[in-house]
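# Summary of structural features
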Amino acid sequence: MEQYKWADPQKRTAFPVAEAGYPFIFAGGFITAVFALTGLTVPAMISLIFWSFTCWFFRDPDRVIPIGDGLVVSPADGRVIKTDIVPESPLGESTSLKISIFMSVFNVHVNRIPCDGAITGVSYFPGKFFSANLDKASEDNEHNQIFMQTDTGQSVCFVQIAGLVARRIICHLTGNETVARGQRFGMICFGSRLDVYLPADTRLRVKIGDKVKAGTSVLGSFQ
């Protein structure tokens, strides 16, 4: 039987919401209230629908994290769209295992740390906004690269990539900090993609088309 742990303190609410969503939720609630109080029923109903979707989009459920040596968990909710050995990556010119996860607007968008270790660098790149499920999105879209060294010495990079709708990448990591597998570190607003680069000899435990959950689903394990 697998064992699990909490990577972050549990939130004391029945419907946890990411802090980044508060301005959108408060603004939507205010607009809806104005329409309702002024008797504009149809605009109020439309605004209420959008407000409800905004609350749902910024949901941030607590997750239990699997315990085990060398496990790499998904940093994002979504669908696996790529699992390839690539000749070059942000880690350098040596081959790496690349796993890409596409996040639709219906997925939880809070991102989590894939493995235990230390953050060694964070690099942000402005860019374009192609659909996040396209291969060229990895290089051409706005993205944020996070580099880390695991507790057992492996180099890992995970990349937050903006999508066609997404226009805001949030990352709370600055570098030179110790992190835990499954710990929250940021989010991407309104549809996006996460690329994970691992050592080429990592044992892959997902396939294209698999649906994964941040912090809970195991992508692979180090040899």
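Residues numbered from 1 in each chain as written. Predicted model: local features only at pLDDT ≥ 70, side-chain atom pairs only at ≥ 80, totals over all residues. Heavy atoms only, no water.

What follows is about the overall build of the chain. Counting its regular elements, the chain contains three helices and 16 strands. Here the C-alpha atoms of the chain give a radius of gyration of 18 Å, agreeing with the 17 Å that 2.2 N^0.38 yields for 223 residues. Taking all 223 residues of the chain together, the buried fraction comes to 49%. Summarising the internal contacts of the chain: among those between residues at least 6 apart in sequence, 72% fall at separations of at least 24. Accessible surface computed for the chain: about 11200 Å², of which carbon and sulfur atoms make up 58%. In the chain, 21 side chains carry a positive charge and 20 a negative one; their mean positions are 8 Å apart. (Helix = DSSP H or I, 4+ residues; strand = E, 2+ residues; numbered from the N terminus. Rg over C-alpha atoms; globule rule 2.2 N^0.38 Å. Buried < 20%, exposed > 50% of the residue type's maximum accessible area, 1.4 Å probe, protein only. Contact = heavy atoms within 4.5 Å. Areas by Shrake-Rupley, 256 points an atom, 1.4 Å probe, with all protein chains shown as cover. Lys, Arg positive; Asp, Glu negative; His and termini not counted. Charge placed at Lys NZ, Arg CZ, Asp CG, Glu CD.)

Turning next to a nonpolar patch on the surface. Together, Phe15, Phe53, Trp56 and Phe106 make up an exposed nonpolar region whose accessible area comes to about 390 Å². Classification of Phe53 as partly exposed rests on a relative accessible area of 30%. (Patch = residues over 30% accessible without salt bridge, like charges linked within 9 Å, V, L, I, M, F, W, Y side chains within 5 Å. Salt bridge = Lys/Arg side-chain N within 4 Å of Asp/Glu carboxyl O.)

Paired through backbone hydrogen bonds, the strands of a sheet run either parallel or antiparallel to each other. Strands sit in the order β6-β12-β10 across an open sheet of three strands; the sheet is antiparallel. The sheet is open, and its two edges are formed by β6 (110-112) and β10 (169-171), each paired on a single side. Each adjacent strand pair in this sheet contributes to an overall mean axis angle of 25°, direction not counted. With three bridges joining them, β6 and strand β12 (residues 184-188) adopt antiparallel strand pairing. Bridge pairing in β12 links Asn111 to Gly186. (Pairing = 2+ DSSP bridges. Axes fitted to C-alpha atoms, helices over the stretch in contact; angles between N-to-C directions.)

A separate point is empty space enclosed by the protein. What the rule picks out here adds up to one cavity of 30 Å³ or more. The calculated volume of the largest cavity comes to roughly 40 Å³. In this structure, the largest cavity is lined by Trp6, Ala7, Asp8, Pro9, Asp62, Arg63, Arg112 and Arg184. Within the lining of the largest cavity, the residues separate by chemical class into three nonpolar, no polar and five charged. (1 Å grid on protein atoms, 1.4 Å probe; cavity = no way out; pocket = protein on both sides within 12 Å on 5 of 7 lines; lining within 4 Å. Points joined across faces, edges and corners; volume = space filled by probe spheres on them. Nonpolar A, V, L, I, M, F, W, Y, C, P; charged D, E, K, R; others polar.)

Let's shift gears to helix α2 (residues 41-57). One turn of the α-helix equals 3.6 residues, which is why residues spaced by three or four share an orientation. In a regular helix each residue adds 1.5 Å, so 17 residues correspond to 24 Å; α2 covers 24 Å between its end C-alpha atoms and thus fits that length. All of the buried residues along α2 are Ala44, Ser47, Thr54, Cys55 and Phe57. Considered in projection along α2, the buried side chains sweep an arc of 155° and stay on one side of the axis. In α2, the exposed positions that point more than 90 degrees away from the buried face belong to Thr41, Val42 and Ile49. The secondary structure elements touched by the buried residues of α2 are α1 (22-37) and β12. (Expected span 1.5 Å × (residues − 1). Arc of directions from axis to C-beta.)

How two aromatic rings sit relative to each other is set out by the distance from centre to centre and by the angle between their planes. One pass over the structure, following the stated rule, counts seven aromatic pairs. With a centroid separation of 6.0 Å and an interplanar angle of 25°, the aromatic rings of Tyr22 and Phe26 are classed as stacked. On the criterion of helical spacing, the pair formed by Tyr22 and Phe26 is a turn pair, its members being four residues apart in helix α1. Judged by its relative accessible area of 59%, Phe26 is exposed. A ring pair is formed by Phe24 and Phe58, whose centres lie 5.3 Å apart and whose planes are at 20°; its orientation type is stacked. One end of the pair, Phe24, is in helix α1; the other, Phe58, is in the loop between α2 and β2 (64-66), with 34 residues separating them in the sequence. Judged by relative accessible area, Phe24 falls into the partly exposed class, the value being 34%. (Phe/Tyr/Trp six-rings, centres within 6.5 Å; stacked < 30°, edge-to-face > 60°.)

Along any regular strand, the residues point their side chains to alternate faces of the sheet. The buried count for β12 comes to five of five residues, which makes it a mostly enclosed element. Where β10 lies against β12, three bridges are found, and the strand directions are antiparallel. Looking across to β12, one finds that Ile170 is bridged to Met187.

It is worth stressing that arrangement in space is one thing and function is another; only the former is reported here.
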